[in-house]
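# Per-entry structural report
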Amino acid sequence: MGKLHEHIDGRLRAFIEAQPMFFTATAPLAGDGHVNLSPKGRAGTLVVIDEHTLAYLDFGGSGAETIAHVRENGRITLMWCSFSEAPNIVRVHGEGEAVFRDDPRWGELIALFGAADGPSARAIIVVRTKRISDVCGYAVPFMEYQGERTLHAEYFGRKTDEEFSRYCEKKEFIATSLDGLPALPLPLPPRTV
């Protein structure tokens, strides 16, 4: 049976922080626009800032649909599910905001991620909760976590800030989303922190 929560703390926070991956879902306002659903991983790239606020690192490597959607309308859902322990699915429906490298808050926010930060961090998605719920995960299969994939961090770790900026500028659907919405502002500002 599902349960609503007033805030993220205790058992709920411990569950979120223990999961090796989560999913994000966003959509544009246009009814014929593309719904985006993305898996997220890499240890330490999501932080619970307080009982009503989470943030995660948005890295380069694919499109920028989440950025475009939160810039347009702010709607975002984060979801975690347990593949190994007691069955549980947690969803946070919230208001998302993309914080870019040239935002005065960048330095304070990026520091929250410690060693998980990397040269391909192009934005921080801050999510303020509107609805927090969990339900049973009885139909979610057991799956064994074997470890982190290092390919993304290794690939982008070899790029200088200038090379990463050029990489972003060459990729389709980075400055503009699949639906033509403004996404990642280019040229990408240099890392100052």
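Keep in mind that what you see is a predicted model, and the values were worked out from it rather than measured. (Residues numbered from 1 in each chain as written. Predicted model: local features only at pLDDT ≥ 70, side-chain atom pairs only at ≥ 80, totals over all residues. Heavy atoms only, no water.)

## A few points about the pattern of salt bridges
Using the criterion set out here, one finds nine salt bridges in the structure. The closest approach of N and O atoms between D58 and R122, which form a salt bridge, is 2.4 Å. Here R122 lies in strand β8 (residues 121-135) and D58 lies in strand β5 (residues 53-59), a separation of 64 residues in the sequence. Here R105 ties to E97 by a salt bridge, and the two come within 2.7 Å at their closest N and O atoms. Taking relative accessible area as the criterion, R105 reaches 32% and is therefore assigned partly exposed. (Salt bridge = Lys/Arg side-chain N within 4 Å of Asp/Glu carboxyl O. Helix = DSSP H or I, 4+ residues; strand = E, 2+ residues; numbered from the N terminus. Buried < 20%, exposed > 50% of the residue type's maximum accessible area, 1.4 Å probe, protein only.)

## Describing the environment of L78
Looking at the element boundaries, L78 is found in strand β6 (residues 75-81). C-alpha of L78 to C-alpha of T24: the two residues are 54 residues apart in sequence and 4.6 Å apart in space. With residues near it in sequence (within four places) discarded, L78 still touches F22, F23, T24, L46, Y56, V90, R91, V92 and V127. (Contact = heavy atoms within 4.5 Å.)

## As for the packing of aromatic side chains
Under the criterion given, the structure shown has six aromatic pairs. When the centroid spacing of 5.4 Å and the interplanar angle of 70 degrees are considered together, the rings of F22 and Y56 count as edge-to-face. Taken together, the positions of F22 in strand β2 (residues 22-26) and Y56 in strand β5 put the pair 34 residues apart, joining distant regions of the chain. Using a relative accessible area of 4% as the deciding quantity, one classes F22 as buried. (Phe/Tyr/Trp six-rings, centres within 6.5 Å; stacked < 30°, edge-to-face > 60°.)

## Looking at the environment of T176
Mapping T176 onto the fold places it in the segment after α5 (161-170). Separated by 112 residues in the primary sequence, T176 and A64 place their C-alpha atoms 7.7 Å from one another. In this structure, T176 is in contact with L181 and A183, ignoring residues within four places of it in sequence.

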